[in-house]
Amino acid sequence: VERCRLLLHLVDGESAEPAAEYLAINRELQLYSPRLAATPQVVLVSKAELPHVAERINETVAAIRAVAPHGRILPFSAHS
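Residues numbered from 1 in each chain as written. Predicted model: local features only at pLDDT ≥ 70, side-chain atom pairs only at ≥ 80, totals over all residues. Heavy atoms only, no water.

(A) Up close: the pattern of salt bridges. Tallying each qualifying case throughout the model produces two salt bridges. Salt-bridge contacts for Lys-47 lead to Asp-12; the nearest nitrogen and oxygen are separated by 3.3 Å. Residue Lys-47 is located in the loop between β2 (41–45) and α3 (51–55), and its partner Asp-12 is located in the loop between β1 (7–11) and α1 (18–32); the two are separated by 35 residues in the primary sequence. The partner of Glu-14 in a salt bridge is Lys-47, and the shortest N-O contact between them spans 3.0 Å. In this pair, Glu-14 is assigned in the loop between β1 and α1 and Lys-47 in the loop between β2 and α3, connecting sequence segments 33 residues apart. (Salt bridge = Lys/Arg side-chain N within 4 Å of Asp/Glu carboxyl O. Helix = DSSP H or I, 4+ residues; strand = E, 2+ residues; numbered from the N terminus.)

(B) Examining the nonpolar core more closely. Residues Val-11, Tyr-22, Val-43, Val-45, Val-53, Ile-57, Val-61, Ile-64, Ala-68 and Ile-73 constitute the largest nonpolar core, which totals 10 residues. Elements that contribute at least two residues to this core include exactly β2 and α4 (57–67). Looking at which element gives the most residues to this core, the answer is α4, with three residues. In contact with Val-11, not counting residues within four places along its chain, are Pro-18, Glu-21, Val-43, Leu-44, Val-45, Ser-46 and Ile-64. (Core = buried A, V, L, I, M, F, W, Y, C linked by side-chain atoms within 4.5 Å. Buried < 20%, exposed > 50% of the residue type's maximum accessible area, 1.4 Å probe, protein only. Contact = heavy atoms within 4.5 Å.)

(C) Here's a closer look at the packing of α1 against α4. Two elements in contact, α1 and α4, have axes separated by 8 Å at closest approach and are oriented at 40°. One way to sum up the angle between α1 and α4 is to call them oblique. For α1 against α4, the interelement crossing comes out right-handed. Taken together, the residues of α4 that come into contact with α1 (itself represented by Pro-18, Ala-19, Tyr-22 and Leu-23) are Thr-60, Ala-63, Ile-64 and Val-67. (Axes fitted to C-alpha atoms, helices over the stretch in contact; angles between N-to-C directions. Parallel < 35°, antiparallel > 145°, perpendicular 65-115°, else oblique. Left-handed = near helix turned anticlockwise from the far one by under 90°.)

(D) Seen up close, α1. Over its 15 residues, α1 extends 21 Å from the first C-alpha to the last, a length consistent with the 21 Å expected when each residue adds 1.5 Å. Every buried residue of α1 is accounted for by Pro-18, Ala-19, Tyr-22, Asn-26 and Leu-29. Summarising the axial view, the buried residues of α1 lie within an arc of 100°, below the 170-degree limit, and thus occupy one face. Facing away from the buried side of α1 by over 90 degrees, the exposed positions are Arg-27, Glu-28, Leu-31 and Tyr-32. (Expected span 1.5 Å × (residues − 1). Arc of directions from axis to C-beta.)

Right under this line is the structure:
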């Protein structure tokens, strides 16, 4: 993991608090290795194909975008 040039964060699209989950993972990453925490990241929001997730995907992405220091947040589906 130390040699990675990009980290992918997978956030559950069904999460009630996606921004909190994103922040928790980044806190743990910072505690583990500040150098690794500085690695560029992409956040993937899963289960976008589910109707109840699709209904609020824009809100979920906006919540993560409000706390992420970058704009690389993408919803995705296992079906696509």
